[in-house]
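# Residue-level structure breakdown
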Amino acid sequence: RHMPLGTDTLIPDRLLELIEEKSDVLIAPTIPYGACECLEPYPGTINLGTELLYNLLYKVVENLYNHGARKILVLNGHGGNIKTIERVGLDFEKKGALVVMLNWWLMTWDMKPEWKGGHGGGEETAAVMGIDPALIHTEYLEEGEGIRNDVSNELPSASWMDVNFKGGSVTIPRPIRSITDNGWLTHGMSIDP
């Protein structure tokens, strides 16, 4: 609730502005929506679904390919898009093109490991504050609730869709609202938003 709608495009757009200042690469317009089935219950979420996103991204990459592009970098702003971007990348690899995906938040985790694993947490909050601090509604910041154990005591929630099972991790697809009311996933981190 403390973040603006469009966070997943605001951050990559700003990163692309900074990249554009230092390079001569062609930057295509942002696709402002993505696949976010597990976040759909949260107000403001616009979910294209994976199939529509695939078709849209495929056509964008296909047009770039038809104009001669063989190296295409996708700066991703949302985890729900990863599988779709991978699928498009595999399709164009067969045609001799290289599609590279950068997930900006994973790079921040490398730079600041205590933020690893968050959603709506420190890394996203800091990035939006770097764009415009007025976009953060601090009145909604509260003590992080952690994540609920929604499956069973024997299968404690470990992350977004993962539970711990006998020392390993098992994925159980489910809406994020089943493990957190506010959308934050700050488990195992030393910092809330």
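This text goes with the structure placed above it.
Residues numbered from 1 in each chain as written. Predicted model: local features only at pLDDT ≥ 70, side-chain atom pairs only at ≥ 80, totals over all residues. Heavy atoms only, no water.

### Description of the packing of aromatic side chains
- Counted according to the given criterion, the structure contains 4 aromatic pairs.
- The rings of Y54, Y58, Y65 and F92 are connected pair by pair, giving a single aromatic cluster.
- The ring of Y54 has R87 sitting right over it, with the charged end atom 3.5 Å from the ring centre.
- One cation-aromatic arrangement involves K95 over Y65; the distance from NZ or CZ to the ring centre is 5.8 Å. (Phe/Tyr/Trp six-rings, centres within 6.5 Å; stacked < 30°, edge-to-face > 60°. Lys NZ or Arg CZ within 6 Å of the ring centre and 35° of its normal.)

### Quick look at helix 5 (residues 122-131)
- Listed as buried for helix 5 are G122, E123, E124, T125 and V128.
- Looking at the packing, one finds that the buried side of helix 5 touches helix 1 (7-22) and helix 4 (104-111). (Buried < 20%, exposed > 50% of the residue type's maximum accessible area, 1.4 Å probe, protein only. Helix = DSSP H or I, 4+ residues; strand = E, 2+ residues; numbered from the N terminus. Contact = heavy atoms within 4.5 Å.)

### What to know about the pattern of salt bridges
- One pass over the full model with this rule turns up 4 salt bridges.
- With its nearest N and O atoms 2.8 Å apart, the salt bridge here joins E62 to K59. Highlighted residues: E62 and K59, both in helix 2 (residues 50-66), separated by 3 residues, approximately one helical turn.
- Classification of E62 by relative accessible area gives buried; the value is 17%. (Salt bridge = Lys/Arg side-chain N within 4 Å of Asp/Glu carboxyl O.)

### Things to note about the state of the cysteines
- All chains considered together, the criterion is met by 0 disulfides.
- A disulfide-free cysteine, C36 has its sulfur positioned 7.7 Å from the sulfur of C38, the nearest such atom.
- Relative accessible area serves as the criterion here: at 8%, C36 is assigned to the buried category. (Disulfide = S-S within 2.5 Å.)

### Thoughts on the side chain of D162
- Structurally, the position occupied by D162 is in strand 3 (residues 162-165).
- No salt bridge is formed by the buried D162. Its closest oppositely charged neighbour is R174, at 6.7 Å.
- A polar contact of 2.6 Å, which involves the side chain of D162, links it to the side chain of T171.
- Those residues in contact with D162, other than ones at most four positions away along the chain, are P156, S157, S169, V170, T171 and R174. (Lys, Arg positive; Asp, Glu negative; His and termini not counted. Polar contact = N/O pair within 3.5 Å; in protein donor to acceptor, adjacent residues only side chain to side chain.)

### Comments concerning the packing of helix 2 against helix 3 (residues 82-93)
- Packing of helix 2 against helix 3 leaves a shortest axis separation of 9 Å and a crossing angle of 40 degrees. Classed by the angle they form, the pair helix 2 and helix 3 counts as oblique. Pair helix 2 / helix 3 crosses with right-handed handedness. Residues T50, E51, L53, Y54, L57, Y58, V61, E62 and Y65 of helix 2 touch helix 3, and the partners they reach there are T84, I85, R87, V88, D91 and F92.
- Partitioning the contact of helix 2 with helix 3 into residue classes produces 9 nonpolar, 2 polar and 4 charged. (Axes fitted to C-alpha atoms, helices over the stretch in contact; angles between N-to-C directions. Parallel < 35°, antiparallel > 145°, perpendicular 65-115°, else oblique. Left-handed = near helix turned anticlockwise from the far one by under 90°. Nonpolar A, V, L, I, M, F, W, Y, C, P; charged D, E, K, R; others polar.)

### With respect to the pairing of strand 4 (residues 168-171)
- Of the pairings in the sheet, the one linking strand 3 to strand 4 comprises 4 bridges and is antiparallel in character. Across the sheet, the residue bridging to N164 is S169, located in strand 4.
- Here strand 3 folds back onto strand 4, and the loop between the two strands holds 2 residues, one of which, K166, carries a positive phi near 50 degrees. (Pairing = 2+ DSSP bridges.)

### Regarding the side chain of T9
- Position of T9 among the secondary structure elements: in helix 1.
- What T9 contacts, discounting residues up to four positions off in sequence, is T30, I31 and P32.

### Observations concerning the packing of helix 4 against helix 5
- Packing of helix 4 against helix 5 brings their axes to within 10 Å, and their N-to-C directions diverge by 105 degrees. Looking at the two axes, helix 4 sits roughly perpendicular to helix 5. Taken together, the residues of helix 5 that come into contact with helix 4 (itself represented by W104, W105, T108 and W109) are E123, E124 and A127.
- Among the residues making up the contact of helix 4 with helix 5, the classes are represented as 4 nonpolar, 1 polar and 2 charged.

Remember that the coordinates give geometry; whether it matters functionally is a separate question.
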